[in-house]
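Next come the chains, spelled out residue by residue.
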Amino acid sequence: MATPRTTPPAGSTQIVAESPLPAAVLWDMDGTLIDTEPLWMAAEIELTSRFGVPWTAQDATELVGSAMVHSAGVLQARGVDLPVATIVDELTASVARGVTRRVPWQPGARDALRALRAARVPLALVTSSYRPLADPFAVAAGVFDVVVAGDDVTRAKPDPEPYQLAARALGVPVEQCVAVEDSRSGIASALASGARTLAVEGVQHVADRPGLSRIRSLRDLTLDLLRDLAAGVVLEVPPTR
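Residues numbered from 1 in each chain as written. Predicted model: local features only at pLDDT ≥ 70, side-chain atom pairs only at ≥ 80, totals over all residues. Heavy atoms only, no water.

Q: Go over the overall build of the chain with me, naming the residues and quoting the values.
A: A tally of regular secondary structure across the chain gives 9 helices and 8 strands. For a compact globule of 241 residues, the expected C-alpha radius of gyration is about 18 Å, and the chain comes in at 18 Å, within 12% of that figure. Taken along its principal axes, the extent of the C-alpha atoms in the chain is 60 × 40 × 30 Å. Per-residue burial for the chain yields a buried fraction of 51% across its 241 residues. Taking the average location of the 22 positive side-chain charges in the chain and that of its 28 negative ones, the two points are 4 Å from each other. (Helix = DSSP H or I, 4+ residues; strand = E, 2+ residues; numbered from the N terminus. Rg over C-alpha atoms; globule rule 2.2 N^0.38 Å. Buried < 20%, exposed > 50% of the residue type's maximum accessible area, 1.4 Å probe, protein only. Lys, Arg positive; Asp, Glu negative; His and termini not counted. Charge placed at Lys NZ, Arg CZ, Asp CG, Glu CD.)

Q: Can you lay out the sheet that holds strand 3 (residues 123-126) for me, pointing to particular residues and giving the numbers?
A: On the basis of which strands lie adjacent, the open sheet formed by 6 strands has the order 4-3-2-5-6-7 and parallel pairing. The two strands at the open ends of the sheet, each matched to only one other strand, are strand 4 (146-148) and strand 7 (212-215). For this sheet, the mean inter-axis angle between neighbouring strands, taken without regard to orientation, is 25°. Two elements, strand 2 (residues 24-27) and strand 5 (residues 177-181), share 4 bridges in a ladder whose sense is parallel. Considered in strand 5, the bridge of Val25 is made with Val178. (Pairing = 2+ DSSP bridges. Axes fitted to C-alpha atoms, helices over the stretch in contact; angles between N-to-C directions.)

Q: Break down the packing of aromatic side chains for me, citing the residues and quoting the values.
A: Think of a pair of aromatic rings as described by two things: how far the centres are apart, and how the planes are tilted against each other in angle. Under the criterion given, the structure shown has 2 aromatic pairs. Plain terms: the ring middles of Trp105 and Phe137 are 5.3 Å apart, the flat faces sit at 55° to each other, and that makes the pair tilted. Here the residue Trp105 occupies a position in the loop between helix 4 (84-101) and helix 5 (109-118), and Phe137 occupies one in helix 6 (residues 131-141), the gap between them amounting to 32 residues. Among the residues examined, Phe137 registers a relative accessible area of 0% and is labelled buried. Seen in terms of ring centroids, Phe137 and Phe144 are 6.2 Å apart; in terms of plane orientation they differ by 50°. Their pairing is tilted. In this structure Phe144 comes out as buried when scored by relative accessible area, which is 14%. (Phe/Tyr/Trp six-rings, centres within 6.5 Å; stacked < 30°, edge-to-face > 60°.)

Q: For the pairing of strand 2, give the residues involved together with the corresponding values.
A: Residues Ala24 and Leu26 of strand 2 are buried on one face, and the alternating residues Val25 and Trp27, pointing to the opposite face, are buried as well. Of the strand pairs in this sheet, strand 2 and strand 3 are connected by 3 bridges, and their pairing is parallel. In the strand pairing of strand 3, Val25 is matched with Leu123.

Q: Report on helix 6, specifying residues and quantitative values.
A: An α-helix turns once every 3.6 residues. As a result, residues three or four positions apart point the same way. If you check which residues of helix 6 are buried, you get Leu133, Ala134, Phe137, Ala138 and Ala141. Buried residues of helix 6, seen end-on, are gathered within an arc of 120° and therefore sit on one face of the element. Exposed and oriented more than 90 degrees from the buried face of helix 6 are Pro132 and Val139. Residues of helix 6 that are buried in the fold lie against helix 1 (37-50), helix 4, strand 3 and strand 4. Trailing helix 6 by a residue or two, Gly142 shows a phi angle of about 70°, which is positive. (Arc of directions from axis to C-beta. Contact = heavy atoms within 4.5 Å.)

Q: Describe the environment of Arg219, and please don't skip the residues or the numbers.
A: Its location among the elements puts Arg219 in the loop between strand 7 and helix 9 (223-230). Judged by relative accessible area, which is 55%, Arg219 ranks as exposed. The sequence separation of Arg219 and Pro83 amounts to 136 residues, and the corresponding C-alpha distance is 40 Å.

Q: If you had to explain helix 1 to someone new, which residues and values would you point to?
A: Along its 14 residues, helix 1 runs 20 Å from first to last C-alpha, staying within 8% of the 20 Å computed at 1.5 Å per residue. Among the structural elements, helix 2 (57-62), helix 3 (68-78), helix 4 and helix 6 are those in contact with the buried residues of helix 1. Looking one or two residues past helix 1, Gly52 carries a phi angle of roughly 65°, positive in sign. (Expected span 1.5 Å × (residues − 1).)

As structure tokens, then:
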């Protein structure tokens, strides 16, 4: 796999190989660490079909990374005749059952988490999913110092609150953290928080934004790459050959 190209920060001439690691790495869950998007889509299709509501893969893709209450509100507006809270509970329970049967790790995710844990870098899980899904995954992963779930915040992604809350809980400045995301909503949240933000290619197209770094897969994520991010490098995915 091609190695991501790096762009030094303005005014610098070289990134020292032994630059410090980030103060912490803040991880999105759905789509980033685990491939739950097919499970969410299947749960939405099952729910909408009960009410005769047309629902396509594109409809589901547009909700990727959204706050649970927002997604449930969209489904309700489309014709799912249930309270928003009930929709949230049903979707979450369906996906949690799927994850309980088998954690659908993204390629490279476990290796990245193990390397960071071995390097003693603090780790937080920052997800729009609610505790009934986030907590069992965090227990299965066994590496997170902090979990911030969608039902822990007043203002969900794309607001910066989730990432700011995670950094405070870890006792580190958010500007010294790296946030790893895959969705438009999550990336907006991470960038707005001030964290160095790394986008992993996912099901949503994400446009370039100032300060946004990119990789194709977590298999490309190394400790040296994280040192570069912490030093201010912006990573660009090289063109496909």
